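Structure at a glance
One letter stands for each residue in the lines below.
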Amino acid sequence: MSKSKPASAPQQPGRRGFLRNTLLTGFTALTAGRLGQANATESLAVPSWSKHPGPGVDAAPYGQPSGFEKHVVRRFLPWMRPTRQSSVSFSPLQDLHGIITPNGLFFERHHAGVPQVDPGQHQLIIHGMVDKPLKFTLEDLKRFPSVSRVHFVECAGNGAMEQRGAVNNGLQFTHGMISSAEWTGVPLKLLLSEAGVRKGAKWLLAEGADAAGLARSFPMDKALDDAIIAFAQNGEMLRPEQGYPMRLLLPGWEGVANVKWLRRLEVGDRPWEMREETSTYTDLMPSGKARQFTFIQEAKSVITFPCPERRVPGKGLHMVEGLAWSGEGKVKRVDVSFDGGRNWQQARIKGPQLDKSLTRFEIEWQWNGQPAYLQSRVIDETGYVQPSYQQLRAVRGTNFMYHNNAIQTWMVNADGEVENVQLG
Ligand SMILES: Nc1nc2c(c(=O)[nH]1)N[C@H]1C(S)=C(S)[C@@H](COP(=O)(O)O)O[C@H]1N2
Ligand SMILES: [Mo]
């Protein structure tokens, strides 16, 4: 049941009593009946869409969202024009619900565009320090036992621009390089046990079939832990943008290591020092040295309502909502502040609290019409607390780009507009 419109007029008179009895009794205590609109019975006039039958099942063999939701789309930054060499699209977090990103709204990051891979010809090869080099077609993969797990993918560069200042006045661009899906695929450890990993093997190289030939090294421990060769996403085959017909999924680890259009896994005893783990995707520290192989996306959270795209419509009661996640495991707790971090209140976790997955939270807020500074702060199951900008910069300096997981501040003006700010 939607909580956002508890007292709006139901369409059929017969359902009114039902709604009133089951939903409103508990909820009115909380809202004192202030969230609905008056003159409910006037809405019972028959609307145009009730007067004629609509199109039948032949109208949309593959369903699309309502035409009234056309604004809910992936967007790119105009000054970051997509090229065939590099493109990024951001997911509209401000318009999403729950913890699953619809496939058509999953953020995208491509180093050489989206290859159109023919699943009949594509193969995954496992070679290197193995007893028996093997190749797998999509059909071969599907003969293995598979798992379905909900995990986020976040680009290490999510929030990189914000590190330099509050530059984007929109949640979609400050945090939209994260999305989440239920992935179905084969645990990598099963494929490795078929191939037989040789003694001394400690690293793997994953290489994509795109024109970038994007390749990343990752440790054997992760391969034998929860790595998946995914072929499906939210119940259907992977979208081309997400790596059709197969991608590497390293739950909780930086996006770039989740190699799409996966064509090759080489087993070795040391990292390969590829481009995307040396000249990029490393973190320049105050000492002048760069950290390398910082795989884990540490705990982070953000308020999704209100946000710059979703102003506060007026004084009174509102449900402040947001998303929290941790590459280390489950989200344990989320706190919200309405005064820029002076006071914190514990938010409710809504829905499932899964491992390395988006987790949604909610908290009531009585807005008195005064300017306010909203923040959220996540604590994960390891006890790690999301840092403020001050705390993050004390450790990392100001030169870094990747892995910005600092607390976000939204400033609500007296007119309800919301701005992206950083508190000193
Ligand atoms: N083969 C290949 N894999 C790739 C990329 C790529 O360009 N080519 N981009 C990487 C980066 S930088 C990120 S953040 C994620 C993005 O995954 P998505 O596009 O499914 O959101 O894929 C990674 N895997
Ligand atoms: Mo990325």
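Quick look at the structure, then.

Looking only at helices and strands, the protein has 6 helices and 23 strands in total. Against the 2.2 N^0.38 benchmark of 22 Å for 424 residues, the protein shows a C-alpha radius of gyration of 24 Å, consistent with a compact globule. A principal-axis box enclosing the C-alpha atoms of the protein has dimensions of 75 × 60 × 40 Å. Taking all contacts inside the protein whose residues are at least 6 apart in sequence as the whole, residues at least 24 apart take part in 71%. The distance from the centre of the 49 positive side-chain charges to the centre of the 41 negative ones in the protein is 2 Å.

Okay, the site of ligand 1 next. Within the structure, ligand 1 sits among 20 residues, and Phe107, His111, Asp210, Arg247 and Lys260 are positioned closest to it. Here Arg247 contributes a side-chain N or O atom positioned 2.8 Å from an oxygen atom of ligand 1. Take Lys260: an N or O atom from its side chain is 2.5 Å from an oxygen atom of ligand 1. In isolation ligand 1 exposes 530 Å². Once the protein is present, 100% of that is buried. Broken down by class, the residue content of the shell around ligand 1 amounts to 8 nonpolar, 6 polar and 6 charged.

On the basis of which strands lie adjacent, the open sheet formed by 5 strands has the order S4-S3-S12-S7-S8 and mixed pairing. Bordering the open sheet on either side are strand S4 (134–136) and strand S8 (215–219), each of which pairs with just one other strand. Averaged over all adjacent pairs, the angle separating strand axes in this sheet is 20°, with direction ignored. Summarising the sheet, strand S3 (residues 124–128) and S4 pair through 3 bridges and their orientation is antiparallel. Note that in S4 the partner of Ile125 across the bridge is Lys135. On the sheet, helix H4 (residues 188–195) packs against S3, S4, strand S7 (203–208), S8 and strand S12 (262–268) and is oriented at approximately 55° with respect to S3.

For the rest of this paragraph, the subject is the pairing of strand S23 (residues 418–421). Within a regular strand, the side chains alternate between the two sheet faces. Pairing geometry for strand S22 (residues 409–412) and S23, over 4 bridges, is antiparallel. The partner of Trp410 across the bridge, within S23, is Asn420.

Attention now moves to the sheet that holds strand S21 (residues 372–380). One open sheet holds the 5 strands; their spatial order is S18-S17-S21-S22-S23, and the pairing between them is antiparallel. Of all strands in the sheet, those with a lone pairing partner are strand S18 (345–346) and S23, marking the two edges. Pairing of strand S17 (residues 331–337) with S18 involves 2 bridges; the strand directions are antiparallel. Counted as the bridge partner of Val336 is Gln345 from S18.

A few words on the nonpolar core. Grouped burial of nonpolar side chains is what soluble globular proteins tend to show. In this structure, Leu188, Leu191, Phe218, Ile229, Leu248 and Leu265 are the most contacted members of the largest nonpolar core, which totals 57 residues. Counting residues per element, this core draws most heavily on strand S9 (residues 228–233), at 5 residues. Setting aside its immediate chain neighbours within four residues, Phe218 contacts Leu188, Trp203, Leu204, Ala206, Ala223, Leu248, Leu250, Trp253, Leu265 and Phe295. Grouped together as the second largest cluster of nonpolar side chains are 34 residues, Ile99, Leu358, Leu374 and Val418 included.

When you line up the elements, Glu364 lands in strand S20 (residues 359–367). Measuring from C-alpha to C-alpha, the distance between Glu364 and Arg264 comes to 49 Å, with 100 residues separating the pair along the chain. In terms of polar contacts, Glu364 uses its side chain to reach the side chain of Arg348, at 2.9 Å.

Right, let's talk about the pairing of S20 for a bit. With 7 of 9 residues buried, S20 is to be regarded as a mostly interior element. Pairing geometry for strand S16 (residues 316–325) and S20, over 9 bridges, is antiparallel. Along S20, the bridge assignment pairs Met319 with Glu364. Note that strand S19 (residues 348–350) and S20 share 3 bridges and pair antiparallel. The residue bridging Arg348 from the neighbouring strand is Glu362, located in S20.

On to the packing of aromatic side chains, then. Counting across every chain of the model gives 10 aromatic pairs. On the numbers, 5.9 Å between centres and 15° between planes, the contact of Phe106 with Phe107 is stacked. Overall, the relative accessible area of 6% leaves Phe107 in the buried class. Aromatic pair Phe338 and Trp365: ring centres 5.3 Å apart, planes at 10°, arrangement stacked. With a gap of 27 residues between them, Phe338 in the loop between S17 and S18 and Trp365 in strand S20 connect regions that are remote in the sequence. Here Phe338 falls in the buried class, since its relative accessible area comes to 15%. Following the ring pairs from residue to residue traces out a cluster consisting of Trp203, Trp253, Phe293 and Phe295.

Definitions and cut-offs
- Residues numbered from 1 in each chain as written.
- Chains lettered and ligands numbered in written order.
- Predicted model: local features only at pLDDT ≥ 70, side-chain atom pairs only at ≥ 80, totals over all residues.
- Heavy atoms only, no water.
- Helix = DSSP H or I, 4+ residues; strand = E, 2+ residues; numbered from the N terminus.
- Rg over C-alpha atoms; globule rule 2.2 N^0.38 Å.
- Contact = heavy atoms within 4.5 Å.
- Lys, Arg positive; Asp, Glu negative; His and termini not counted.
- Charge placed at Lys NZ, Arg CZ, Asp CG, Glu CD.
- Near = heavy atom within 4 Å.
- Polar contact = N/O pair within 3.5 Å; in protein donor to acceptor, adjacent residues only side chain to side chain.
- Areas by Shrake-Rupley, 256 points an atom, 1.4 Å probe, with all protein chains shown as cover.
- Nonpolar A, V, L, I, M, F, W, Y, C, P; charged D, E, K, R; others polar.
- Pairing = 2+ DSSP bridges.
- Axes fitted to C-alpha atoms, helices over the stretch in contact; angles between N-to-C directions.
- Core = buried A, V, L, I, M, F, W, Y, C linked by side-chain atoms within 4.5 Å.
- Buried < 20%, exposed > 50% of the residue type's maximum accessible area, 1.4 Å probe, protein only.
- Phe/Tyr/Trp six-rings, centres within 6.5 Å; stacked < 30°, edge-to-face > 60°.

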